[in-house]
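Architecture and fold: a report
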Amino acid sequence: MDDKPISKHDILKELDELHQLDYDYADGRILGSMCTQAHPFAKEVYCKFLDTNLGDPGLFKGTKFIENQVIKSIGELLSLNEPYGNIVTGGTEANIMAVRAARNHARKYKGIVDGEIIIPDSAHFSFKKAADMLNLKIVEAKLDNNYKIDVESVRNAISDKTVAIVAIAGTTELGLIDPIEELSEIAFKNNIYFHVDAAFGGFSIPFLKRAGFDFPVFDFSLRGVCSITVDPHKMGLAPIPAGGIIFRKQEYLDVMAVDSPYLTIKTQSTIVGTRLGASSAATYAIMKYFGKEGYTEIAKNLMDNTNYLYDNLIDIGYEVICKPELNIVAFNHPDMETNELADKLSQYNWNVSVSKCPVAIRIVLMNHIKKSNLKELIEDLKEIF
Ligand code: 0PR
């Protein structure tokens, strides 16, 4: 830190220069991100709530009410009329909360001390962090030939130490939806906590269904589902950080509660103590602003772009890994190694990511990628061969 104060002008100049080094969503060249530009209205609301702290909700009753309303609205989208939960920093924190609830519940009601969680090979790496922090062993369930969780593999992985089964609605790498209905029944019949990670899919599947797309049930209408992660800062178009964790019952929060004696509430169940109310306010605003109609329009449009890219890739000789269920397309070229193709694309100034299972170029068709960007990308892909 400098001894003397520096003028705002000079500070801003320096920060602007550094900010120039960042990629900008608006250029349409970021092809591997699940986040996107937040809507300007959401940003405006966010700034108004920057001083609010939901860690001490008695001081911020209005903002706490807003968080509850957001949880209620998201819960209703997921077929739950009386949801419990929080707006947190993202999918990672939401998943950690779910796993912590499952572990504590199993410890309290079943006496399990050295628990295991069953997750698919396709699970986001946040579950590895959760298992590490919570001292749980990961048991990985296999994927079937369609890259979805193999139900038999889950059945075989269950032991008397299993504290949770996890399935994904919108996998990180391919955007696929696991056979959640079958897994829900297995979990329910074995009295095991079942968590659905819909960090990516939770803000699009309900709207695509509304638009007439055919999707299997993945939400709380299945009796086995205990919690769902759904992130406003992904397909919800809310500013970062905004993740969502929704629980079916209050008792899942209760088993995580610790005493918080000097606060305006007696106990706290979230991982984070001091936490921003701006994320809840911005999510509240953007959900009202778009309504179901607005989100449906966006989700439909993104699927349109997804199918456009899929069809064109096939036309020009690329191999697409699977027919997209959500707005992610993963592909390779039969005559080029994936990482080499990724390097070539970065020479053309495209920012792509490479998936690991299977190895492929992975494009997440978020709102900042326009049809014109896709046309350009397809031209470049043609030129590479
Ligand atoms: N669950 C799923 C299914 C996810 O895909 C992700 C993130 C998470 C949980 C964790 O969410 P948070 O990152 O909010 O904690 N998936 C992407 C990933 O890590 C997110 C991402 C976002 C990647 C922006 C790149 C990027 O530029 O791969």
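As shown above, the structure is provided for reference.
Residues numbered from 1 in each chain as written. Predicted model: local features only at pLDDT ≥ 70, side-chain atom pairs only at ≥ 80, totals over all residues. Heavy atoms only, no water.

1. Remarks on the sheet that holds strand β4 (residues 162-168)
- As summarised here, the arrangement of the 7 strands in space is β1-β7-β6-β5-β4-β2-β3, forming an open sheet in which the pairing is mixed. Across the chains shown, the open sheet's two edge strands, defined by having one partner strand only, are β1 (84-88) and β3 (137-141). Mean inter-strand twist for the sheet, computed between neighbouring axes without regard to direction, equals 20°.
- Here 5 bridges tie β1 to strand β7 (residues 243-247), and the two strands are oriented antiparallel to one another. Paired with V88 across the two strands is G243, which belongs to β7.
- Most of the contacts of helix α3 (residues 61-77) go to β1, to which it runs at about 110°, and overall it touches β1 and β7. (Pairing = 2+ DSSP bridges. Helix = DSSP H or I, 4+ residues; strand = E, 2+ residues; numbered from the N terminus. Axes fitted to C-alpha atoms, helices over the stretch in contact; angles between N-to-C directions. Contact = heavy atoms within 4.5 Å.)

2. Observations regarding the site of the ligand
- Around the ligand sit 17 residues, and of these T92, T172, D197, H233 and K234 come closest.
- With respect to the ligand, the side chain of S33 contributes an N or O atom lying 3.2 Å from an oxygen atom.
- Between the ligand and T172, the relevant distance is 2.7 Å, taken from an oxygen atom to a side-chain nitrogen or oxygen of the residue.
- Relative to its unbound accessible area of 590 Å², the ligand is 76% covered by the protein chains.
- Counting residues per element, the shell around the ligand draws most heavily on helix α4 (residues 91-110), at 3 residues. (Near = heavy atom within 4 Å. Polar contact = N/O pair within 3.5 Å; in protein donor to acceptor, adjacent residues only side chain to side chain. Areas by Shrake-Rupley, 256 points an atom, 1.4 Å probe, with all protein chains shown as cover.)

3. Quick notes on the sheet that holds strand β10 (residues 319-320)
- Strand order across the open sheet formed by 4 strands is β10-β11-β13-β12, with antiparallel pairing between neighbours. Each edge of the open sheet is held by one strand with a lone partner, namely β10 and β12 (353-356).
- As judged from the 4 bridges shared by β12 and strand β13 (residues 359-364), these two strands associate in the antiparallel manner. For V354, the partnering residue across the bridge sits in β13 and is I361.

4. Structural notes on the pairing of strand β6 (residues 225-229)
- In terms of burial, β6 is largely enclosed, as 5 of its 5 residues are buried.
- The pairing of strand β5 (residues 193-197) with β6 spans 4 bridges and is parallel. Residue D197 lies in a different strand from β6, and its bridge partner there is T229.
- In this fold, the crossover linking β5 to β6 by way of helix α8 (residues 205-210) has right-handed handedness.
- Both β6 and β7 contribute to a ladder of 3 bridges, which runs antiparallel. Residue pairing for β7: T229 is matched across the bridge by I245. (Buried < 20%, exposed > 50% of the residue type's maximum accessible area, 1.4 Å probe, protein only. Right-handed = clockwise from strand over helix to strand, strands pointing away.)

5. Structural notes on a negative patch on the surface
- On the surface, a cluster of negative charge is contributed by D2, D3, D10 and E14.
- By the element assignment, D10 lies in helix α1 (residues 8-19).
- On the basis of relative accessible area, D10 is assigned to the partly exposed category, the value being 42%. (Patch = residues over 30% accessible without salt bridge, like charges linked within 9 Å, V, L, I, M, F, W, Y side chains within 5 Å. Salt bridge = Lys/Arg side-chain N within 4 Å of Asp/Glu carboxyl O. Lys, Arg positive; Asp, Glu negative; His and termini not counted. Charge placed at Lys NZ, Arg CZ, Asp CG, Glu CD.)

All quantities given are derived from atomic positions and should not be read as evidence of function.
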